[in-house]
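Residue-level listing of the chains:
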Amino acid sequence: MNYDRHFDIPELSRHIMHPTILKYLRGILGADLLCWRSEWFAKFPGGRGTEWHQVRDYSYTDGNPLIVPTQTDWNAYIDLTVWTAFTPATKETACMRFLPGSHKKYYYDEKKSVSTGRNGDYQHTQTDTGFFGYDFSEFKVDPSWDPESANPVDMELQAGECVIFTASCAHASHNNSTERQTRLAISGRYVPTHVRVYPDLEKYNAHGETFDLTNYATVLVSGTDTYDHNKIRTTNNRDQLFSFSQAEEKKTMLNAIHKICADVLNYPELKMDEDFFDVGGHSLMMAEIQRQLHDDLKVHINMESLFRNSSVIKLSKAIQPTLTAQMG
Ligand SMILES: O=C(O)CCC(=O)C(=O)O
């Protein structure tokens, strides 16, 4: 499995901290939150969809619970997954499917002993089961229950959109019936800080792999941790802080705007408050700046406003309301 790449891919380090994601998570789970895992899910052309499953504490993997609340009941909804489409997710390319209301009842019992998946003696990429090496239907409480008869809802998403759900809600994905379109999604998994993650485990087995937890840690994505149940990492493998603060966001944006303008003006020493027309700018260059702002930063500024705000600082102030709206 491709777990926890937010430690080594800077874009994912930032993705798990995205302000819009956190805004919604805080609204549901409260202010103090950990990201305990990220996973990516690729569905290649012709690939099989993920089988229906419902997960409470991830003990389906090898029998050990992986997330255990300390302040609420075992069956309280303490986990949220943010599944973000990095490519369009349609019925054809394997969008997610959910059974509305299914979180209120356990259709699957993850603690059951099953014959497939737990022996660890395989590579999930080489198995033909519907759940990465497991046959999740073996966990069904009532083997005759058919999820397809429980009114599944398809969740089609554009690239960049996400769906937030508790893994206790039965979910699956369609097959990828296309010939050429891969569907890629990243799931970020979050819990409140009172939850113990991988409690008392040094390693665990899942999907045919053994995961050593020696260097494992959670990331505090919001608020404070007063429980001290889990190791927390503040930087990724490149020593970059896990952070997506507004100040940092503004600085990043200012640098991005500066780079576009300095490149287009062919003037690397451009100062932040220097007027573009004083360093050789002309209307064709302004049109190119407008185009790159749109294509690279996804902000539109009209020509009249661009001419009135012809320095990096002024430009950044002029487009700030659009950026803030984009950040939600
Ligand atoms: O993307 C998929 O096909 C499955 C995703 C999933 O089951 C999850 O994120 O929990």
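Engineer: Help me out: how do you make sense of the sheet that holds strand E5 (residues 153-155) in this one?
Structural biologist: Across a sheet, strands are paired by hydrogen bonds formed along the backbone, either parallel or antiparallel in direction. An order of E5-E4-E7 is seen for the three strands of this open sheet, with the pairing classed as antiparallel. Lying at the two open borders of the sheet, with one neighbouring strand each, are E5 and strand E7 (171-173). Averaged over all pairs of adjacent strands, the angle between strand axes in this sheet comes to 30 degrees, irrespective of strand direction.

Engineer: What exactly am I supposed to notice about the domain arrangement of the chain here?
Structural biologist: When the parts come together, some accessible area is lost, and that loss is often what is quoted as the size of the interface. Domain annotation for the chain reports domain 1 (5-222) and domain 2 (246-327). Computed over C-alpha atoms, the centres of domain 1 and domain 2 are 40 Å apart.

Engineer: How should the site of the ligand be read in this particular structure?
Structural biologist: The local shell around the ligand consists of Phe41, Thr50, Thr81, Trp83, Ala167, His171, Ser173, Ala185 and Ser187. Among the elements of the structure, strand E3 (80-85), E7 and strand E8 (183-192) are those that each provide at least two residues to the shell around the ligand.

Engineer: Quick question: what am I supposed to make of the sheet that holds strand E1 (residues 33-43) here?
Structural biologist: One open sheet holds the five strands; their spatial order is E6-E3-E8-E1-E12, and the pairing between them is antiparallel. Only two strands of the sheet have a single neighbouring strand rather than two, namely strand E6 (162-165) and strand E12 (219-222). Strand after strand, the sheet turns through a mean of 35 degrees between neighbouring axes, direction not considered. Here six bridges tie E3 to E8, and the two strands are oriented antiparallel to one another. In the strand pairing of E8, Thr81 is matched with Arg189. In the packing of helix H2 (residues 19-29) onto the sheet, contacts are made with E1, E3, E6, E8 and E12, and the angle to E3 comes to roughly 155 degrees.

Engineer: Before we go on, may I ask you to explain H2 in this structure?
Structural biologist: Residues spaced three or four apart along an α-helix point in a common direction, a consequence of the helix completing one turn every 3.6 residues. Every buried residue of H2 is listed here: Ile21, Leu22, Leu25 and Leu29. Projection of H2 onto a plane perpendicular to its axis shows the buried side chains occupying an angular sector of 90 degrees, all on one side. Along H2, the residues that are exposed and aim more than 90 degrees away from the buried face are Thr20, Lys23 and Gly27. If you follow the buried residues of H2, they end up packed against E1, E3, E6, E8 and E12. Following H2 by one or two positions, Gly30 has its phi on the positive side, about 100 degrees.

Engineer: Which parts of the structure should I look at to understand unusual backbone geometry?
Structural biologist: Peptide bonds are, in most cases, trans, and in most cases residues other than glycine have a negative phi. Phi at Tyr58 is positive, roughly 65 degrees, even though this residue is not glycine. Note that Tyr58 resides in the loop between E1 and strand E2 (67-68). Not every positive phi belongs to a glycine, and Phe132 is a case in point at roughly 50 degrees. Phe132 gets classed as partly exposed once you count the C-beta atoms within 10 Å, which come to 18.

What counts, and at which threshold
Residues numbered from 1 in each chain as written. Predicted model: local features only at pLDDT ≥ 70, side-chain atom pairs only at ≥ 80, totals over all residues. Pairing = 2+ DSSP bridges. Helix = DSSP H or I, 4+ residues; strand = E, 2+ residues; numbered from the N terminus. Axes fitted to C-alpha atoms, helices over the stretch in contact; angles between N-to-C directions. Domains from an automatic or database assignment. Near = placed C-beta within 6 Å. Contact = placed C-beta atoms within 7 Å. Buried ≥ 20, exposed ≤ 12 C-beta atoms within 10 Å, placed from the backbone. Arc of directions from axis to C-beta.

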